[in-house]
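So you can see what is in the structure, the chains are spelled out below.
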Amino acid sequence: LAPAVLCALQALAPLSSSMCIGCLRALQAWLALNAGSSLASLYAGQGPLLAATLNALAAVNNEPLNLAAADALGELLTSTNSPLPASAPRGARDAAEAVAAQFGVLAREVRLAELLMSGEPADDRLFYFCRALCAFAERCVDLVAVTEGSLLPLVELLLLCAGGELRVAELSIDFWVGLQDTAVAQRHERLRAPLYRRLATLLLDKCTLPAEFTSWDEAAEDEEEFRRFREQSALEVLGACLSLLACEFVGQLQAMLQGSPPWQKLEAALFVLRGLHVQIKGALRGSAADGEGRPSAAAELQAALNQLLGFVFGQLAAWRPSGATLLVESAMRLVGAFAKWLQRDEALLRGCLRLVLEAVQAGGAPEHAAEAFRALCIHGRRRLASAAYLSELVGPCTALAGSAALASSVRLTLQEALARLVGAAPSPAEAEQLLHALVRAPCEQLAALLPHLPPSDGASVPPETAPRASDGSDVSRGIGGEAAATVASTQGVEEAVATQLALIGAAIRFSDTIHVGGGGSCAAHPVFAVLSYCWPLLQDASRRGGPSVLQALLELHGRAMGCLGGGLAPLLPSILEQIGTTFCRRPVVGALECLTQAIELYGESHEAPLSDTLERFVDAVCGWLASTAAPEAEPELLSAFFELCHRCLVFRPQLLLSLPCVASLFDAAAACVAHQEFQHTRAAITFLCLFLSGTDAANLYRESAAHCLQRSGGTLLRYCVQGLASASPANLVDHQIELLRVIAESAPTAVHGWLVAALADPGLDLGALPRQGAAAEAFVRGAAQQHATVAAFHCVASEFSRVCRGKAR
């Protein structure tokens, strides 16, 4: 059929422009069927049709025809229709060379070189032509790579496209990338270094903003298109240029930085260095000697790269960030990318630290500057961890972290970076001093902000909640800044309070590396002293805060537990009281996560207060599940709750199994088994499986689990069958099967009766399965069969689910 169809299209295409469009659309649809037509077969059998398609690309004042031709050629040149490997037969090579020659003729007809080099935007006709040209070049790239010369003009056309406007240049990228699949030694001489010199020049120019550029609002370029081209397209080819040209390419970058270049050229060089940082760092790590121990080309490249980086960062270390935002942004991202390289030179490291802090303060690219600061602190913390320098650094950093003019994410990044340095402080005493400096400003802001939040539970708040300065004065006096700017809005105050709590949490985040020494007591740890200083404010925040405040407070408690471990024991009862009161007043996920962490860390030493807090949590969640009309409305909360219960069974089963409300917990988890939301339903099923099967540590408390199963096992099984039959999504079926197996294993004598009762219940939706019949009876027999293998049980339950869902008979 294919030859007849193609012959008919070939005969009809020349009749008129509209007929040609219809024929090309029909050709595109036929080729989409992958019926065996290829470039070679079309060239050999329907040459006039192929010629008409190519000529339609150059048709004047007929964009629908140009587009139809480009679409048809695009479909013809897919890898399925026209594979053209380097080993392609002679017929395919002849077709590729003939089409390449025709593209050369058409390029002159559409004035490709003239129009692309003019700098004017390409019209639709020219763009469709370039699209088809680049698709053809990409398909036969393996043939081009090993050409003896006949396909080299095609490469010249692709170079013209690479120098065109961004959307045209981007069309050529796949060809340049595909060229890398052929080893350099196997390519034509002109497709080696000579080509990549020209290509590097073109792409470096494409990555450079126009000289008249000032801002994206006034630019002819589209910001998203420009950034995408640089980040996703140009860098991949420039990486190949670095690999092939090595020191020569480094020299091109060096030349862009010499003298007093316009900021646009400087920004492009910094961008390319940052974009290729992984490849550059890999080259710097490589061996610098050849097999005979002599300096190699790799050593020359390493020397050139080190020289370039030293020059760039030497200039940046002395630079005052100003001018174009894009230049500041590229500089900050470059500093962050090479933070590890910078730690080798303390002078450069400190100079770049000054640079990024000034950039944060100037506000040009604060997010990138803060990230660069964090990277410098992570990689340079050993060089920077002198008490004198840290004291010098903390002042301006804490001022920035406390600035309401900066986004909270920037402030937290700065605080966490400083915390990295504090964690590497020379002594615990110096670390404590620095930690106090980090939390002082947030505490002062908290003291000023909290009185503007009414107590959430209506309780009175003790007046003496603010920490005292070293002279005994109230630190909340005279507070301005963020506190003064936000008191007019309760929501603004809530957000500000949450930010201050997050800043305190960030300050202690990495303090677990501070070692007090074998003879030091837990209370001597700097974090303990800082928490004691903050404690009245934290208690006040727990009484006043909304969800965001409470979540931040609970995250702070979690970080304190992670830092101090057993050293937090003196404050733990108070923390647990806070957590319990907080959760009962405003259930937040953070409270569940915090209690989970506390049980893992302190379950053995603080069983009584943990048990009381856990009981309050269980009562609150079970009461809510029993009363709410929308039990799936809080999936994250339920997921965290059942994860808490599961972890409790793993670490301290006696805490959970000895609770008087354990039966209510079992019923609540059972009711969640037939829910449809994946995350919390799986968490409930996982908890129930462990609850019923038990662990070695839970053997003393098996009576609780047995009592729950005897009392409500039939109900649980009914929910499980409902989930298997219809309620659960497909990705929960295997979890339901495992729960059903655990029920059958835990109550082997009762499961048959429970199954019969469940299937007879008219309220149970069994989908396509008849309630009475061989299939239902077979399921009951198979599921209730004692001593069945796990595989056999899963097979029976899975088939039951498939039958109920209409997927099997």
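Up top you'll find the structure we're talking about.
Summary of the structure given here. (Residues numbered from 1 in each chain as written. Predicted model: local features only at pLDDT ≥ 70, side-chain atom pairs only at ≥ 80, totals over all residues. Heavy atoms only, no water.)

On a plain count of helices and strands, the protein comes out with 41 helices and zero strands. Computed over its C-alpha atoms, the radius of gyration of the protein comes to 35 Å, more than 25% above the 28 Å expected for a compact globule of 809 residues. For the protein, the spread of C-alpha atoms along the three principal axes comes to 90 × 85 × 65 Å. For the protein, buried positions account for 50% of its 809 residues. (Helix = DSSP H or I, 4+ residues; strand = E, 2+ residues; numbered from the N terminus. Rg over C-alpha atoms; globule rule 2.2 N^0.38 Å. Buried < 20%, exposed > 50% of the residue type's maximum accessible area, 1.4 Å probe, protein only.)

Moving on to the pattern of salt bridges. A complete count under the given rule lists 34 salt bridges for this structure. The salt bridge involving Arg-383 is made with Glu-346; its shortest N-O contact spans 3.7 Å. On the criterion of sequence distance, the pair formed by Arg-383 in helix 22 (residues 366-384) and Glu-346 in helix 21 (residues 346-362) is long-range, its members being 37 residues apart. Between Arg-802 and Glu-799 there is a salt bridge, and its shortest N-O distance comes to 3.9 Å. (Salt bridge = Lys/Arg side-chain N within 4 Å of Asp/Glu carboxyl O.)

Before going further, it helps to examine the packing of aromatic side chains. Summed over the entire model, instances satisfying the criterion amount to 15 aromatic pairs. Ring centres of Phe-103 and Phe-129 lie 5.7 Å apart, and the angle between their planes is 65°; this geometry places the pair in the edge-to-face category. Linking Phe-103 in helix 6 (residues 90-109) with Phe-129 in helix 8 (residues 124-139), this pair joins segments that are 26 residues apart in sequence. Its relative accessible area of 1% is what places Phe-103 among the buried residues. Its relative accessible area of 0% is what places Phe-129 among the buried residues. (Phe/Tyr/Trp six-rings, centres within 6.5 Å; stacked < 30°, edge-to-face > 60°.)

Turning our attention to the nonpolar core. The biggest cluster of nonpolar side chains holds 293 residues, and the ones touching the most others in it are Trp-176, Phe-249, Phe-313 and Phe-373. Residue contacts for Phe-249: discarding those within four places in its chain leaves Ala-200, Leu-204, Leu-238, Cys-241, Leu-242, Val-272 and Leu-276. (Core = buried A, V, L, I, M, F, W, Y, C linked by side-chain atoms within 4.5 Å. Contact = heavy atoms within 4.5 Å.)

The backbone phi angle of Arg-111 is positive, close to 60°, even though this residue is not glycine. Inspection of the secondary structure assignment puts Arg-111 in the loop between helix 6 and helix 7 (112-117). For Arg-111, a relative accessible area of 41% puts it in the partly exposed group. Of note in this structure, Ala-246 is not a glycine but carries a positive phi near 50°. Topologically, Ala-246 is positioned in the loop between helix 14 (223-245) and helix 15 (247-257).

The quantities given are spatial measurements derived from coordinates; they are silent on function.
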